[in-house]
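For reference, the chains in residue letters:
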Amino acid sequence: MDEWKPNPTVKPHKKRSWYLAWKYKLMNQRALRKLCQTGAVLFLLVTVIVNIKLILDTRRAAYEEEEESAQDYDDEMLNVEAPRHPVNNKKVLDVEVYSSRSKVYVAVDGTTVLEDEAREQGRGIHVIVLNQATGHVMAKRVFDTYSPHEDEAMVLFLNMVARGRILIFTIKDEGSFHLKETAKNVLKSLGSQVAPFLSWRDMWTFVGKKGGEVYGEKHAKSPALSTWGDPVLLKTEVHLTSVEDAECHWPDTELNRRRKRFCSKVEGYGSVCSCKDPTPIEFNPDPLKDNKVFDVPVAVIAGNRPNYLYRMLRSLLSAQGVNPQMITVFIDGYYEEPMDVVELFGLSGIQHTPISIKNARVSQHYKASLTATFNLFPDAKFAVVLEEDLDISVDFFSFLSQSIHLLAEDESLYCISAWNDQGYEHTAEDPSLLYRVETMPGLGWVLRKSLYKDELEPKWPTPEKLWDWDMWMRMPEQRKGRECIIPDISRSYHFGIVGLNMNGYFHEAYFKKHKFNTVPNVQLKNVESLRKDNYETEIHRLLGEAEVLDHSKNPCEDSFVPDTEGRVYVMFIRMEQEADFTTWTQLAKCLHIWDLDVRGNHKGLWRLFRKKNHFLVVGVPASPYSSKKPSSVTPIYMEPPAKEEGAVAVPAVAAAEQT
Amino acid sequence: NGAAFSKVRGSQLGQESIRWHVVRKFLGLISSHNIPVYLIDPLILGLVDKDIEQIRSSPDGPSPECKYFCTPRDFTTFALLDKTWKHEVGLFRTAEKMGFQWLKIINKDPRLDGMDDLSGMEIPLHYIFKLASHAIHLVVFYERSGNFLWHGPLRLKQHMDRKFVPFRKLHFGRYPGAYEKPELLLVSIDDLKVQIPKNPSSFLEEISHSRFLECRYKEARAFFQLYPDDASLDAVEFRKKAKSLLHLAALTLNNLGVKFWLSSGTCLGWYRQCNVIPHSKDVDLGIFIRDYKADIIPAFQNAGLPLKHKFGKVEDSLELSFQGEDDVKLDIFFFYEEDDYIWNGGTQAKSGKKFKYLFPKFTLCWTEFVELKVHVPCETLQYVEANYGPEWKVPVKTWDWKSSPFNVQDNGVWPIDEWDNVIQIY
């Protein structure tokens, strides 16, 4: 299959008159070329008439609008993105949908609600959901169905849209390459006749009501692999229903009022807006006994991924011991929908005017959020920092409540993190076990106020330095040899697929198989042993007990570790000095754990599980634990693959995402 | 017993007891929603303070007469700690059902004001609940960095009912205020159970000096646009040391009960850039000479800050300097009040020359600075201008304390025989 390449010579269409579409069609048929001239004159005439009518219509419309706005001048704020407020007696919306290679747009009653002609962006199927009673835009999404798995996301989204909503589809550039049967069937069930046959570089527009009538569909086939279908423009009318019909009749409670406000504004959140059996928006999880983190503020760092935020807040508010009053959601930018989600859950949200770009923007957003958190909760000694693309374990606060005193008392600690970089399904086993690591995993962590106020805040990277805040925090100048406490089994789960440094492939390779604790009330084991000196005693005890594995075998093979359970094994790898991770990286690769940079080490020691046995890896001679190596054992050395494999050089940005 | 009492009062005194009834209803309202409020009405606390011993000793005793809540007034003032309630809308529904009209005054959250470009939700600063001819003014207090409570000013927005209550008469709201976190006491007065500050007289004293000034964050941002902040490691280090020195000084002086304010460069730093000026190299405080205590020097020495020099004497031009960590110095200037100006003195060690720095009269306000609640002159602009001249907005790196200040005057020379006393260098 051809690789998709944008063709820079083709200019985007400037006009959006319906006759253009027709003109395109005619021009492609050589036989009709001669007719063109006569046709053109005719069209011109028609255009003039149509335009005059349009001007008149617009005037009348503007007139009506004026009257309308005069009537309800002190009404609540109108949704800016919404098309003109339909007057009570107006029951019909004019909808225009355009699909082409380089541009898509949707206009509702003359107002453009979607326009995308940016180059190399917005490829795939654009979906717009309108409220069937008001015509307001409730959701706008684009699914790049040229790429894998995006069709699944689209199906998920479409299933969540309430019955009766108006759905508008249009393709930009290419939307069929990874549009699988399931997705096509869903589109078919919505009434599309073309969807099952959509193919490479076809143009397509469709307007229909979920679970109801079809208002129109247009399609242009691509004539050849190398070219696109002709642009299509669909103009149709949609009949509005009454507001009564479009709303659910939930009992009038404070919670349902929030729900109603939310559900009449946005779409794509599924059962929270279900009329019959809406999913709760208040969770009341069991309180924690002796909760040491009840008064610790929780900062949720968010961008414009409202669906992620919704999922994240649900899990956070369901965690035992959560204190909703301590939660603040910091939204990077003036986005409405994330704020709607925050209000749905009755939490407080703060918007942040973006400063700088890309990684530096995120970094500035972090700084503002952390500073604001400690301003808002001046008594707090700590803050929990979360991101919008995390699931939070049911025992997240219980885990922190049991360990937070260490962060207060042990100055050799940098943070407590809920995330174990090396805690995969096949390498993590014990929910009650904690480690000390020299890296700072992020992804749900606790920050000490004094660390922030005295050290980090004053020298936080300025906007012009395009640094990742987490990479910066991991630098030796900041970390100063301090360590973080992490659980063996993570208390957070990174579900984000779309992100600054994130894509589907990367997520699947490094995050999907991460283990996530689902057991409530786990009693952590021997928390005191995590203190600086105690931990050394503990490690020496473990190494003393550990059986040395057979170093003549291949450590990548499953048979390297005997078929036992609950034993402690140790292997020694070559590690010439503190920063020599050659063998470790190869080992990590073949064990299918995090190998993009070095994570989870403590003085040249890594701890994980293999086949339900505790598995220790010691780097010799750099690690102080090298002395435990029997003299007969030669540390294993694994060579990095030859240079030809260019893929090994993972771009730095990929490694950066880890938080 | 409340009901019986109300019957008597209600029938006998009519107008006077309306207040009592409204307060009772209000207390019922807020206790039904588990909202802990406390009484901060200055007039009632004034009356309560006179009888405080008796009230403390009989927290449940019935009152023979209605002494406090029956003085006819337009309103009664209560306080609410923001973090102790959840902003439930239910409260207002119940209030309406009980016949209250209510008004909410919201405004920007000052705790986010210092932050670039953050816009949070506006926060409620004041509530007014009105029933019949009496109103309850509920002041919302917020915790701020520096371990104190803050309440906002009361400003009406365009569409608000300016005649809802006689706003000008309200005791709280003309200015924002800063308070210590009060200890509370549950008492029964006029057969109503209310929480009051445990020590009403000190609370009343606090009210009279509570005015709070917010730092000028917007102007500070504009300043940094013009003169980018020094982010060098030295600057970061100095700021950190200056902050901890200021914290230590505040702790020491507060323990002694000596009132002080930010002066000279430290005051300029607060006013101009809401931060410590990194090239200032010391921390400057002012103290009125009438607040001088002989304990000051030993107290600082005990806190680990040795005396570096002492110039002048209590009667004239006193100035103390303590050595902080790594060359960061704490200078304390004592201020002398005259009829129409205030001054402090300076002494040149090698020549015995005296200098005098003149300031227009000023009062003291609270502010928040490097996570501390501290005093600054309320009339800050005049203070800073007197000291640094009209060009105070322009950073100056070379500074001579004998000639640079705008308000310096020669003040003669110390007599030689006094030198041993008025020029002490350690």
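Not measured: the values here are computed from a predicted model. (Residues numbered from 1 in each chain as written. Chains lettered and ligands numbered in written order. Predicted model: local features only at pLDDT ≥ 70, side-chain atom pairs only at ≥ 80, totals over all residues. Heavy atoms only, no water.)

## Digging into the overall build of chain B
Here comes step 1: Assigned secondary structure in chain B consists of 13 helices and 21 strands.
Here comes step 2: Over its C-alpha atoms, taken along the principal directions, chain B stretches across nearly 80 × 50 × 40 Å.
Here comes step 3: Relative to its 426 residues, chain B shows a buried fraction of 52%.
Here comes step 4: In chain B, the share of contacts with a sequence separation of at least 24, taken over all contacts with a separation of at least 6, comes to 69%.
Here comes step 5: For chain B, the separation between the mean place of its 54 positive charges and that of its 55 negative charges on side chains is 7 Å. (Helix = DSSP H or I, 4+ residues; strand = E, 2+ residues; numbered from the N terminus. Buried < 20%, exposed > 50% of the residue type's maximum accessible area, 1.4 Å probe, protein only. Contact = heavy atoms within 4.5 Å. Lys, Arg positive; Asp, Glu negative; His and termini not counted. Charge placed at Lys NZ, Arg CZ, Asp CG, Glu CD.)

## Regarding the sheet that holds strand 7 (residues 203–209) of chain A
Residue and element names in this part refer to chain A.
Here comes step 1: Strand order in the open sheet formed by five strands is 5-4-6-7-8, with antiparallel pairing between adjacent strands. The open sheet is flanked by strand 5 (137–143) and strand 8 (214–220), the only strands paired with a single partner. Direction aside, the axes of adjacent strands within the sheet are offset by 10 degrees on average.
Here comes step 2: Packing of helix 3 (residues 150–160) onto the sheet brings it into contact with strand 4 (124–130), strand 5 and strand 6 (166–172), and relative to strand 5 it is tilted by some 165 degrees. (Pairing = 2+ DSSP bridges. Axes fitted to C-alpha atoms, helices over the stretch in contact; angles between N-to-C directions.)

## Focus on the interface of chain B and chain A
You'll often see interface size given as the accessible area lost when the parts meet.
Here comes step 1: On the chain A side, the residues contacting the 24 residues of chain B number 27 residues.
Here comes step 2: Taking both sides of the interface into account, the surface hidden between chain B and chain A amounts to around 2,000 Å²; carbon and sulfur atoms contribute 55%.
Here comes step 3: The interface formed by chain B and chain A contains three salt bridges.
Here comes step 4: Between chain B and chain A we count four residue pairs in polar contact (both at pLDDT 80 or more) in total.
Here comes step 5: For the side of chain B that touches chain A, the secondary-structure elements that each account for two or more residues are helix 6 (110–113), strand 4 (118–119), strand 6 (134–144) and helix 9 (233–256) of chain B.
Here comes step 6: Ranked by the residues each element gives to the side of chain B that touches chain A, the list is headed by helix 9 of chain B, at three residues.
Here comes step 7: When grouped by side-chain class, the residues that make up the side of chain B that touches chain A number seven nonpolar, four polar and 13 charged.
Here comes step 8: Note: strand 12 (residues 348–352) of chain A against strand 4 of chain B, two bridges, orientation antiparallel. In the sheet register, His-352 of chain A faces strand 4 of chain B, and the bridge partner there is Leu-118 of chain B. (Buried area = accessible area lost by both parts, 1.4 Å probe. Salt bridge = Lys/Arg side-chain N within 4 Å of Asp/Glu carboxyl O. Polar contact = N/O pair within 3.5 Å; in protein donor to acceptor, adjacent residues only side chain to side chain. Nonpolar A, V, L, I, M, F, W, Y, C, P; charged D, E, K, R; others polar.)

## Quick notes on the sheet that holds strand 12 of chain A
Here comes step 1: Taken together, nine strands build an open sheet; the order of strands is 16(A)-18(A)-15(A)-17(A)-13(A)-10(A)-11(A)-12(A)-4(B) and the sheet is mixed. At either margin of the open sheet sits one strand with a lone partner, and together these are strand 16 (434–437) of chain A together with strand 4 of chain B.

## Details of helix 5 (residues 90–97) of chain B
Here comes step 1: Here helix 5 of chain B has its buried residues at Leu-91, Phe-92 and Ala-95 of chain B. Along the axis of helix 5 of chain B, the buried residues cluster in a sector spanning 90 degrees; they form a single face. (Arc of directions from axis to C-beta.)

## Focus: the pattern of salt bridges
Here comes step 1: Per the counting criterion, the structure on display carries 59 salt bridges over all chains.
Here comes step 2: The closest approach of N and O atoms between Glu-409 of chain A and Arg-531 of chain A, which form a salt bridge, is 2.6 Å. Taken as a pair, Glu-409 of chain A in helix 10 (residues 396–409) and Arg-531 of chain A in the loop between helix 14 (504–510) and helix 15 (532–545) lie far apart in primary sequence, 122 residues in all.
Here comes step 3: According to the relative accessible area criterion, Glu-409 of chain A is partly exposed, its value standing at 47%.
Here comes step 4: The class for Arg-531 of chain A is partly exposed, based on a relative accessible area of 22%.
Here comes step 5: Lys-83 of chain B serves as the salt-bridge partner of Glu-143 of chain B, at 3.3 Å between the closest nitrogen and oxygen. Placement of Glu-143 of chain B in strand 6 and of Lys-83 of chain B in the loop between strand 2 (75–81) and helix 5 is noted, with a sequence separation of 60 residues between them.
Here comes step 6: Overlapping salt bridges, with partners in common, bring together Asp-379 of chain A together with Lys-83, Glu-143 and Lys-181 of chain B in one network.

## A word on the domain arrangement of chain B
Residue and element names in this part refer to chain B.
Here comes step 1: If you check the domain split of chain B, you get domain 1 (18–210) and domain 2 (217–425).
Here comes step 2: Counting from both sides, the interface comprises 14 residues of domain 1 and, opposite them, seven residues of domain 2.
Here comes step 3: For the pair domain 1 and domain 2, the summed buried area comes to about 910 Å², and 51% of that belongs to carbon and sulfur atoms.
Here comes step 4: Area buried by domain 1 at its contact with domain 2 is led by Ser-145, Phe-148 and His-209, which between them contribute 35% of it. (Domains from an automatic or database assignment.)

## Considerations on empty space enclosed by the protein
Over the atoms, a rolled probe matching the size of one water molecule traces out where space is still vacant.
Residue and element names in this part refer to chain B.
Here comes step 1: On inspection of all chains with the given rule, the structure shows five cavities of 30 Å³ or more.
Here comes step 2: Of the volumes computed, that of the second largest cavity is approximately 60 Å³.
Here comes step 3: If you go around the second largest cavity, the residues you meet are Ala-242, Leu-246, Gly-265, Thr-266, Val-276, Ile-277, Ser-280, Asp-282, Val-283 and Phe-369.
Here comes step 4: Sorting the residues of the lining of the second largest cavity by element identifies helix 9, helix 10 (264–273) and strand 12 (282–288) as the ones contributing at least two each. (1 Å grid on protein atoms, 1.4 Å probe; cavity = no way out; pocket = protein on both sides within 12 Å on 5 of 7 lines; lining within 4 Å. Points joined across faces, edges and corners; volume = space filled by probe spheres on them.)

## Things to note about the side chain of Ser-369 of chain A
Residue and element names in this part refer to chain A.
Here comes step 1: Summarising the element assignment, Ser-369 is placed in helix 9 (residues 358–376).
Here comes step 2: Ser-369 sits in the buried class, given a relative accessible area of 0%.
Here comes step 3: Once residues lying within four places of it in the same chain are set aside, the contact partners of Ser-369 are Ile-301 and Phe-330.

## Thoughts on the packing of aromatic side chains
Residues and elements named next belong to chain B.
Here comes step 1: The final tally for this structure, using the stated rule, is 54 aromatic pairs over all chains.
Here comes step 2: Each ring, one from Tyr-179 and one from Phe-203, has its centre 5.5 Å from the other, and the planes form 25 degrees; the classification is stacked. With a gap of 24 residues between them, Tyr-179 in strand 8 (residues 177–179) and Phe-203 in helix 7 (residues 200–208) connect regions that are remote in the sequence. Like Tyr-179, the residue Phe-203 is buried in the burial classification.
Here comes step 3: On the basis of an interplanar angle of 70 degrees and a centroid distance of 5.3 Å, the ring pair of Trp-261 and Phe-362 is categorised as edge-to-face. Taken as a pair, Trp-261 in strand 11 (residues 261–262) and Phe-362 in the loop between strand 17 (353–359) and strand 18 (364–369) lie far apart in primary sequence, 101 residues in all. When sorted by exposure, Trp-261 lands in the same class as Phe-362, which is buried.
Here comes step 4: Three or more aromatic residues link up through ring pairs in this structure, and these residues are Phe-26, Phe-78, Trp-85, Phe-92, Phe-100, Trp-102, Tyr-127 and Phe-129.
Here comes step 5: Against the face of Trp-414 rests Lys-354, its NZ or CZ located 4.3 Å from the ring centre.
Here comes step 6: The ring of Trp-343 has Lys-356 lying over it, and the distance from NZ or CZ to the ring centre is 4.8 Å. (Phe/Tyr/Trp six-rings, centres within 6.5 Å; stacked < 30°, edge-to-face > 60°. Lys NZ or Arg CZ within 6 Å of the ring centre and 35° of its normal.)

## Some details on the packing of helix 6 (residues 254–263) of chain A against helix 8 (residues 336–344) of chain A
Residues and elements named next belong to chain A.
Here comes step 1: Running from amino to carboxyl end, helix 6 crosses helix 8 at an angle of 165 degrees, the nearest separation of the two axes being 9 Å. Judged by the inter-axis angle, helix 6 sits roughly antiparallel to helix 8. Seen along the crossing, helix 6 lies across helix 8 with a hand that is left-handed. Listed contacts from helix 8 to Arg-258, Arg-259 and Phe-262 of helix 6 are Asp-340, Val-341, Glu-343 and Leu-344.
Here comes step 2: Among the residues making up the contact of helix 6 with helix 8, the classes are represented as three nonpolar, no polar and four charged. (Parallel < 35°, antiparallel > 145°, perpendicular 65-115°, else oblique. Left-handed = near helix turned anticlockwise from the far one by under 90°.)

## Description of the environment of Asn-275 of chain B
Residues and elements named next belong to chain B.
Here comes step 1: Counting through the fold element by element, Asn-275 comes out in the loop between helix 10 and strand 12.
Here comes step 2: On a C-alpha basis, the gap between Asn-275 and Phe-69 in space is 46 Å, while along the polypeptide they are 206 residues apart.
Here comes step 3: If we skip the residues at most four places from it in the chain, Asn-275 touches Arg-239, Gly-269, Trp-270 and Phe-369.

## Some remarks on a negative patch on the surface
Here comes step 1: Judged by side-chain charge, Asp-230, Asp-234, Glu-237 and Glu-325 of chain B come together as a negatively charged surface patch.
Here comes step 2: Tracing the chain through its elements places Glu-325 of chain B in the loop between strand 14 (316–323) and strand 15 (329–337). (Patch = residues over 30% accessible without salt bridge, like charges linked within 9 Å, V, L, I, M, F, W, Y side chains within 5 Å. Areas by Shrake-Rupley, 256 points an atom, 1.4 Å probe, with all protein chains shown as cover.)

## A look at the packing of helix 3 of chain A against helix 4 (residues 181–189) of chain A
All names here are of chain A.
Here comes step 1: Between helix 3 and helix 4, the shortest axis-to-axis distance is 9 Å and the interhelical angle comes to 35 degrees. Here helix 3 and helix 4 pass one another in a crossing that is left-handed. For the pair helix 3 and helix 4, contact is made by Asp-151, Met-154, Val-155 and Leu-158 and by Thr-182, Ala-183, Val-186 and Leu-187, respectively.
Here comes step 2: Across the contact of helix 3 with helix 4, the residue classes tally to six nonpolar, one polar and one charged.

## Some words on the state of the cysteines
In protein chemistry, a disulfide is the covalent bond that joins the sulfur atoms of two cysteines.
Residue and element names in this part refer to chain A.
Here comes step 1: Tallied over the full model, the rule gives seven disulfides over all chains.
Here comes step 2: A disulfide bridge connects Cys-248 with Cys-275, and the sulfur atoms are separated by 1.9 Å. On the sign convention where negative means left-handed, the S-S torsion of about -75 degrees between Cys-248 and Cys-275 marks this disulfide as left-handed. A residue pair is termed long-range when its members are at least 10 positions apart, and Cys-248 in the loop between helix 5 (243–246) and helix 6 and Cys-275 in the loop between helix 6 and strand 10 (298–302) qualify at 27 residues.
Here comes step 3: Given the relative accessible area of 45%, Cys-275 is considered partly exposed.
Here comes step 4: Residue pairing for Cys-415: its cysteine sulfur links by disulfide to Cys-484, the two sulfurs lying 2.2 Å apart. One quick way to see it: the torsion about the S-S bond of Cys-415 and Cys-484 is about 120 degrees, and its sign makes the bridge right-handed. (Disulfide = S-S within 2.5 Å.)

## A few points about the UniProt feature "domain: ILEI/PANDER" (unreviewed entry) in chain A
Here comes step 1: Within this numbering scheme, the UniProt entry marks residues 123–212 of chain A as carrying the feature "domain: ILEI/PANDER" (unreviewed entry).
Here comes step 2: As annotated, residues 123–212 of chain A comprises 22% helix and 31% strand, and the C-alpha atoms at either end are separated by 28 Å. (UniProt positions renumbered as here; feature names shortened; annotations may be inferred.)

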